[in-house]
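Per-entry structural report
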Amino acid sequence: MSGVPTPPVAGSAAAAELPALGIDIGGTKVAGGIVAPDGTILDTARRATPGKSVTATEDAIAAVVDELAERHGGPLVGVGVGAAGWFDRTGDTVLFSPHLAWRNQPLRKDLGERLKRPMWVGNDADAAAWAEYRYGAAQGSDMVVMITLGTGIGGGLVMDGRLHRGAHGVAGEWGHMRVVPDGRLCACGNRGCWEQYASGTALGQTGREVARISPAAAADLLDRVGGDIDRITGEVVATAAAAGDPLAVELLGDVGAWLGQGIADLSAVLDPDIVVIGGGVSVLGEMVLAPARERLERALPGRGFRPGPRVAAAELGAQAGLVGAADLVRRAVAEGEA
Ligand SMILES: [Zn+2]
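What you are looking at is a predicted structure, and each value in this text was computed from that prediction instead of being measured. Sequence order as written defines residue numbering, which begins from 1 separately in each chain. Residues qualify for local features only when their pLDDT is at least 70, as the model is predicted, and side-chain atom pairs are given and counted only at 80 or more; totals for whole chains, interfaces and linings, by contrast, use all residues. Each side-chain value is worked out from all heavy atoms of the structure, with water and hydrogens disregarded.

**Some points on a nonpolar patch on the surface**
To be explicit about the condition: Patches draw on residues past 30% relative accessible area with no salt bridge. Two like charges within 9 Å are joined, as are two nonpolar side chains (Val, Leu, Ile, Met, Phe, Trp, Tyr) within 5 Å. Using a 1.4 Å probe, accessible areas were evaluated by the Shrake-Rupley method; residue-level cover was limited to the displayed protein chains. By definition, a salt bridge exists where a carboxyl oxygen of Asp or Glu is found within 4 Å of a side-chain nitrogen of Lys or Arg. Only runs of H or I of at least four residues qualify as helices and only runs of E of at least two qualify as strands under DSSP, and these elements are numbered from the N terminus. Note on classification: 1.4 Å probe, protein chains only; a residue is buried when its accessible area is under 20% of the maximum for its type, exposed when over 50%, partly exposed between these limits.
A cluster of nonpolar side chains, contributed by Trp86, Leu95, Phe96 and Val170, occupies part of the molecular surface with about 310 Å² of accessible area. Examined against the element boundaries, Phe96 turns out to sit in strand S6 (residues 94–96). By relative accessible area, which is 35% here, Phe96 ends up partly exposed.

**Considerations on the packing of aromatic side chains**
Ring pairs (aromatic) are described by centroid distance and by the angle formed between their planes. Which entries qualify depends on this criterion: The criterion for an aromatic pair is that two Phe, Tyr or Trp rings (for Trp, the six-membered ring) have centres within 6.5 Å, with stacked assigned to planes under 30 degrees apart, edge-to-face to planes over 60 apart and tilted to the rest.
The final tally for this structure, using the stated rule, is three aromatic pairs. Seen from their ring centres, Trp86 and Phe96 are 6.0 Å apart, and the 55° between their planes marks the pair as tilted. One end of the pair, Trp86, is in strand S5 (residues 86–87); the other, Phe96, is in strand S6, with ten residues separating them in the sequence. Classification of Trp86 by relative accessible area gives partly exposed; the value is 37%. Ring centres of Tyr197 and Trp258 lie 5.0 Å apart, and the angle between their planes is 40°; this geometry places the pair in the tilted category. One end of the pair, Tyr197, is in the loop between strand S11 (162–164) and helix H5 (200–213); the other, Trp258, is in helix H8 (residues 246–270), and 61 residues separate them in sequence. Taking relative accessible area as the criterion, Tyr197 reaches 12% and is therefore assigned buried. For Trp258, a relative accessible area of 28% corresponds to the partly exposed category.

**Concerning the sheet that holds strand S12 (residues 274–278)**
The test is simple: By this definition, two strands are paired if DSSP reports at least two bridges between them. A fitted line through C-alpha atoms represents every axis, and for helices the fit uses only the stretch in contact; the resulting angles, taken between N-to-C directions, go from 0 to 180 degrees. When checking whether two residues touch, look at their non-hydrogen atoms; a contact exists if any pair is within 4.5 Å.
Overall, mixed pairing links the five strands, which are arranged S11-S10-S9-S12-S13 in an open sheet. Looking at which strands have only one partner, the edges of the open sheet turn out to be S11 and strand S13 (310–313). The mean inter-strand angle of the sheet, taken between neighbouring strand axes irrespective of direction, is 25°. For strand S9 (residues 143–149) and S12, the ladder comprises five bridges, and the chain directions are parallel. Paired with Val144 across the strands is Ile274, a residue of S12. Helix H4 (residues 124–135) rests against S9, strand S10 (153–159), S11 and S12 of the sheet, and its axis sits at about 45° to S10.

**A short note on the sheet that holds S6**
Pairing between the strands of a sheet comes from backbone hydrogen bonds, and it takes one of two forms, parallel or antiparallel. Reading across from one edge, S5-S6-S7 is the order of the three strands in this open sheet, with antiparallel pairing throughout. The two strands at the open ends of the sheet, each matched to only one other strand, are S5 and strand S7 (103–105). As judged from the two bridges shared by S6 and S7, these two strands associate in the antiparallel manner. Bridging across to S7, Phe96 finds its partner in Arg103.

Below, the structure is given as structure tokens:
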């Protein structure tokens, strides 16, 4: 079904004016959308992510592409694919993806041959950073740091109108900066990584720690999980905080403070004019961002003698990845790179 004929792209100038297809591969679903050059999503489709098999995942991607292309009918500039994981600098090869079976997989070549369309393939947080720069909170900024707060921390860097991915394609992994010597163990193999203190996972872990030490203080949290401490997740704490539980609000404040501390450290290195906070945890908005700004103000190196970055919530929500991936393939074709 992937042989749906594609009208040829007339040239690079025309490519910039055409809709593109964006795909976001998450742990549980492959979400796709047709995205106009102004960032508007014209249509969407999704499939479950069969994470254990490379072929099945590629089948799901092809099914989403075919469904959207058929309904759209008109010309599409190409397909952009964003997924959690590490891609080499060119985006040709997935080095590692935590939720998927890809290991050193030439994904761009494989998918390009199968879909017979120009491709962009890369990290989902990079795609989200690009989307926020093009259409969201970071429009017009020369130095954008994107932080995606979910179960972990991802990130992207847009500088002078270009996405920067480092010498080997794996820049922007802010979540693995060590903030606590010999701290909590991280899946990356190190201890004390930032995402162990500022993420949904961290929120759940701290909630469980408090519930063990002080069940009285955690009465509301324990109520929500029928007394089973192991079921206290970041989501449970976040829901309790939104309902006004004082302990949960305090724990969320701790995550925000850790977030602000990391932003202060990143500011020492990169001096961004804006730091955009996206990802699942960011839907909590000011409950996390206010304590983050407060800590940033107290921890910014050279505070009082230099401006710091603005800290803003992402504007494109869960669709940022597919919107960014679509625009990145459009840009690659327009520049003759895809
Ligand atoms: Zn780590």
